[in-house]
Amino acid sequence: MRRLLSCIWWPLLFCGSVGLVYAGMSTGHDVAAFNLTYLTLALSIALLERLMPHEEAWLENDGQMGPDLAHTILNKGIAQVIITFVAFMGIAEALAPTGAGLWPATWPLAVQTALGLVIVEFGLYWKHRLAHEWPWLWRFHAVHHSVTRLWFFNTGRFHLVDTMTGLMVGMPVLLLLGAPRDVLLMVSAITAIVGMLTHCNIEMRCGPLNYIFNTPTLHRWHHSKVLAEGNRNYGENLVLFDLLFRSYFNAPDRRPPRDIGIQHDMPLTFLGQLKAPFTSQPL
């Protein structure tokens, strides 16, 4: 039974969450559906992490709940404001190209959403890859990789600069192409859903999904201290560009590392972590 459950958790949580967002959109409750779905997913994962943990050791307190929460509130708060103003306050329509535009607005919403994910993924992939390969960007991204355990609570642990550079390469592209509000919402919601699932500490077997989505299995390799493993799997939602640009990594015959983190020290406080990239200390 445990093995069966480990095979269905990811598709069940993903499809259920996306379905809740779509149902809310269909009834005109976009913002409420987005927030309710995110909260419900977080609570569900929190429970499952206790019932079926991938790593028992990751259940232990790392002393970083305060900074993790502060990063999440700061990053998710700013992202929510941007998404709300762009997607729900008419800015998407105001910024859309005049005339027919480039966006295939007559296609089914599911197909438009898939197209939006692929387009956004290209920018997110290269932004993430550069954050590992370009030392200046790595200084900010190291705040996220300094975690010593993966669980739902540190999903939003990113330096503010890291978050803002990610937002710059995503939604603006869809806006310029004339993507409608519903597509912006669905792409944003799926990104938030996949982000929380990839960081969860739940025993999951994703099988063929590992070749489509960024799954917990792939992301655990991405947090490895071994650079040949950690500097791989840059996809945010999809692994399409990891496969195309040969940065995909999975080793089904081995278990992803339990000992994760970075090679250098990171300040233990929220303010210290915000300041760290601007200091001369190695990261």
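Further up the page is the structure itself.
Residues numbered from 1 in each chain as written. Predicted model: local features only at pLDDT ≥ 70, side-chain atom pairs only at ≥ 80, totals over all residues. Heavy atoms only, no water.

A. Fine view of the overall build of the chain. Each helix and strand in the chain was counted, giving 13 helices and zero strands. Its helices and strands taken in sequence order, the chain reads α-α-α-α-α-α-α-α-α-α-α-α-α from the N to the C terminus. Against the compact-globule benchmark of 19 Å for 283 residues, the chain has a radius of gyration of 18 Å, which places it among compact chains. Its C-alpha atoms give the chain principal-axis dimensions of about 55 × 50 × 35 Å. Looking at the 283 residues of the chain, the share that counts as buried comes to 51%. Restricting to contacts in the chain with at least 6 residues of sequence separation, those with at least 24 account for 75%. For the chain, the exposed area adds up to about 13,400 Å²; of that, 69% sits on carbon and sulfur atoms. Across the chain, 19 positive and 19 negative side-chain charges occur, with their mean positions spaced 4 Å apart. (Helix = DSSP H or I, 4+ residues; strand = E, 2+ residues; numbered from the N terminus. Rg over C-alpha atoms; globule rule 2.2 N^0.38 Å. Buried < 20%, exposed > 50% of the residue type's maximum accessible area, 1.4 Å probe, protein only. Contact = heavy atoms within 4.5 Å. Areas by Shrake-Rupley, 256 points an atom, 1.4 Å probe, with all protein chains shown as cover. Lys, Arg positive; Asp, Glu negative; His and termini not counted. Charge placed at Lys NZ, Arg CZ, Asp CG, Glu CD.)

B. Geometry of the side chain of N210. Within the secondary structure layout, N210 lies in the loop between α9 (181–198) and α10 (216–222). When its relative accessible area of 7% is taken as the criterion, N210 is described as buried. With near-sequence residues (within four places) excluded, N210 lies in contact with T215, T217, L218, V239, Y248 and N250.

C. Summary view of the nonpolar core. Ranked by size, the top nonpolar core spans 42 residues in total, and within it F14, I45, L197 and M204 carry the most contacts. Elements that contribute at least two residues to this core include exactly α1 (2–26), α2 (30–51), α5 (109–133), α8 (171–177) and α9. Considering each element in turn, this core owes the most residues, twelve residues, to α9. The residues contacting F14, other than those within four sequence positions of it, are I190, I193, V194, L197 and F213. Core analysis: the second largest hydrophobic core is formed by six residues, V143, I262, M266 and A276 among them. (Core = buried A, V, L, I, M, F, W, Y, C linked by side-chain atoms within 4.5 Å.)

D. Broad picture of the packing of aromatic side chains. For the coordinates displayed, the defined rule picks out 18 aromatic pairs. Seen from their ring centres, Y125 and W126 are 5.1 Å apart, and the 90° between their planes marks the pair as edge-to-face. The class of Y125 is buried, set by a relative accessible area of 0%. Between W221 and F249, the ring centres sit 5.2 Å apart and the planes meet at 80°, which makes this aromatic pair edge-to-face. Taken together, the residues span a long stretch of sequence, with W221 in helix α10 and F249 in the loop between α12 (240–244) and α13 (270–275) at a distance of 28 residues. The same class applies to W221 and to F249, which are both buried. Taken together, the ring pairs connect F122, Y125, W126, Y234, F241 and F245 into an aromatic cluster. The lysine or arginine in question, R149, covers the ring of W151, its NZ or CZ lying 4.0 Å from the ring centre. (Phe/Tyr/Trp six-rings, centres within 6.5 Å; stacked < 30°, edge-to-face > 60°. Lys NZ or Arg CZ within 6 Å of the ring centre and 35° of its normal.)

E. Spotlight on the packing of α1 against α2. Running from amino to carboxyl end, α1 crosses α2 at an angle of 165°, the nearest separation of the two axes being 7 Å. Viewed along their axes, α1 and α2 adopt a mutual orientation that is roughly antiparallel. Considering how the two elements wind past one another, α1 and α2 form a crossing that is right-handed. Facing R2, W9, L13, S17, L20, V21, G24 and M25 of α1, the residues of α2 in contact are D30, A33, T37, L41, S44, I45, L48 and L51. Tallied by class, residues from the contact of α1 with α2 come to ten nonpolar, four polar and two charged. (Axes fitted to C-alpha atoms, helices over the stretch in contact; angles between N-to-C directions. Parallel < 35°, antiparallel > 145°, perpendicular 65-115°, else oblique. Left-handed = near helix turned anticlockwise from the far one by under 90°. Nonpolar A, V, L, I, M, F, W, Y, C, P; charged D, E, K, R; others polar.)

F. The arrangement of α5 in detail. Across its 25 residues, α5 extends 36 Å between first and last C-alpha, which sits within 8% of the 36 Å expected from 1.5 Å per residue. Most pronounced at E121, the bend in α5 amounts to some 30°. (Expected span 1.5 Å × (residues − 1). Bend = angle between axes of the 7 residues up to and from the residue.)

G. The arrangement of the pattern of salt bridges in detail. Per the counting criterion, the structure on display carries ten salt bridges. Across the pair R181 and D30 runs a salt bridge, and its minimum N-O distance is 3.7 Å. One end of the pair, R181, is in helix α9; the other, D30, is in helix α2, with 151 residues separating them in the sequence. Across the pair D259 and K225 runs a salt bridge, and its minimum N-O distance is 3.2 Å. Residue D259 is located in the loop between α12 and α13, and its partner K225 is located in the loop between α10 and α11 (227–230); the two are separated by 34 residues in the primary sequence. The structure contains a network of salt bridges with shared partners spanning R2, E203 and R205. (Salt bridge = Lys/Arg side-chain N within 4 Å of Asp/Glu carboxyl O.)

H. Spotlight on unusual backbone geometry. Unlike most non-glycine residues, N233 shows phi in positive territory, near 55°. When you line up the elements, N233 lands in the loop between α11 and α12. Within the chain, R246 stands out as a residue other than glycine whose phi angle is a positive 60°. The class for R246 is exposed, based on a relative accessible area of 77%.

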